[in-house]
Amino acid sequence: MHGDSDGEMTLAFDLDALRQLAHPDAVFTDARQWSEYVGIVSEEPTYVVTNFARKHRVRQDFFSGPRGRIESLENVMDQFETPRYVYVGTDDDAATLAEEAGWEFLDVADAAEAAEWELGDPEPPAQAEQEETREDWP
C-alpha cells in the first residue's frame, strides 16, 4: 500500500484538521496509499486522541501523547525516516509550528480539495463497515 520511494512521506494530521473531515477513516485509508506513516498530533490529552481514533476507526502509526505539537512533530521526525514530512493543519499557528519543526504545512481545506476528501462534521463509519474492518482486531 505504500508508494514508491518518491512518494514516501510521513503525514501528520492535527486533531482539529481531522475534526473538519467528514470521513476520517476513509481519509486515513486513502492517505496510506501515498504515505509511509500516518498519525495524529494534538495538544489535547492522549485519551481524547485515542477516543477519536477509536470512534472513527482510524489506525494511526503514531500520536502525540502528552506533549506539545512541536515536540511531537520533532519526535515523529526522529523516529520515522522518510523523504518528506507533511503536517495537515487548520490555521496560521499550525503553519508556523510546522515550519519551526521542519515539516511542510498543508491546510486541511487544500488537502481535502486535492485528495477529494469531504469536509464536514466527522461521521463514524457505518456499522456494517465497522464489522468488516474489525477482522484484524483480537
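For the structure, check the block above.
This is a predicted model, so every value here is computed, not measured. (Residues numbered from 1 in each chain as written. Predicted model: local features only at pLDDT ≥ 70, side-chain atom pairs only at ≥ 80, totals over all residues. Heavy atoms only, no water.)

**Q** Whenever I open this one, the environment of Arg59 confuses me. Can you help?
**A** Tracing the backbone through its elements, the reader meets Arg59 in the loop between α3 (46-55) and β3 (62-63). Taking the C-alpha atoms as reference, Arg59 lies 8.4 Å from Val38; in sequence the two are 21 residues apart. Beyond its immediate stretch of four places on either side in the chain, Arg59 contacts Phe28 and Arg32. (Helix = DSSP H or I, 4+ residues; strand = E, 2+ residues; numbered from the N terminus. Contact = heavy atoms within 4.5 Å.)

**Q** When you look at the pairing of strand β2 (residues 37-41) in this model, what are you seeing that I'm missing?
**A** In regular strands, side chains alternate between the two faces of the sheet. Where burial is concerned, most of β2 is hidden: four out of the five residues are buried. Examined bridge by bridge, strand β1 (residues 9-14) and β2 share five bridges and lie parallel to one another. Note on β2: the bridge partner recorded for Asp14 is Val41. Relative to β3, β2 runs parallel, the two sharing two bridges. Following the sheet pairing, Ile40 is matched in β3 by Phe63. Running through α3, the crossover from β2 to the neighbouring parallel element β3 is right-handed. (Buried < 20%, exposed > 50% of the residue type's maximum accessible area, 1.4 Å probe, protein only. Pairing = 2+ DSSP bridges. Right-handed = clockwise from strand over helix to strand, strands pointing away.)

**Q** Would you explain the pattern of salt bridges in this entry?
**A** Side-chain pairs of opposite charge can arise where the charged atoms are in close proximity. The tally for this structure, following the rule as stated, stands at eight salt bridges. With a shortest N-O distance of 2.9 Å, Arg32 and Asp61 are connected by a salt bridge. Within this pair, whereas Arg32 is found in the loop between α2 (24-31) and β2, its partner Asp61 is found in the loop between α3 and β3, the two being separated by 29 residues in sequence. The salt bridge involving Arg59 is made with Asp61; its shortest N-O contact spans 3.6 Å. (Salt bridge = Lys/Arg side-chain N within 4 Å of Asp/Glu carboxyl O.)

**Q** How should I be thinking about the pairing of strand β4 (residues 84-89) in this particular structure?
**A** Across the six residues of β4, five count as buried, placing the element largely inside the fold. Where β1 lies against β4, five bridges are found, and the strand directions are parallel. Bridge pairing links Ala12 to Tyr87 in β4. Bridge count for β4 against strand β5 (residues 104-107) is four bridges, and the pairing is parallel. By the bridge assignment, Val86 is partnered in β5 with Glu104.

**Q** Before we go on, may I ask you to explain the nonpolar core in this structure?
**A** Proteins that are soluble and globular tend to have nonpolar side chains buried together. Phe13, Leu21, Ile40 and Trp117 are the most contacted members of the largest nonpolar core, which totals 23 residues. Residue assignment for this core shows that the elements contributing at least two residues are β1, α1 (15-18), α2, β2, α3, β4 and α6 (108-115). A total of four residues in this core trace back to one element, the largest contributor, which is α3. Apart from residues no more than four positions distant in its own chain, Trp117 is found in contact with Phe13, Leu21, Val27, Asp30, Ala31, Trp34, Ala111 and Ala112. (Core = buried A, V, L, I, M, F, W, Y, C linked by side-chain atoms within 4.5 Å.)

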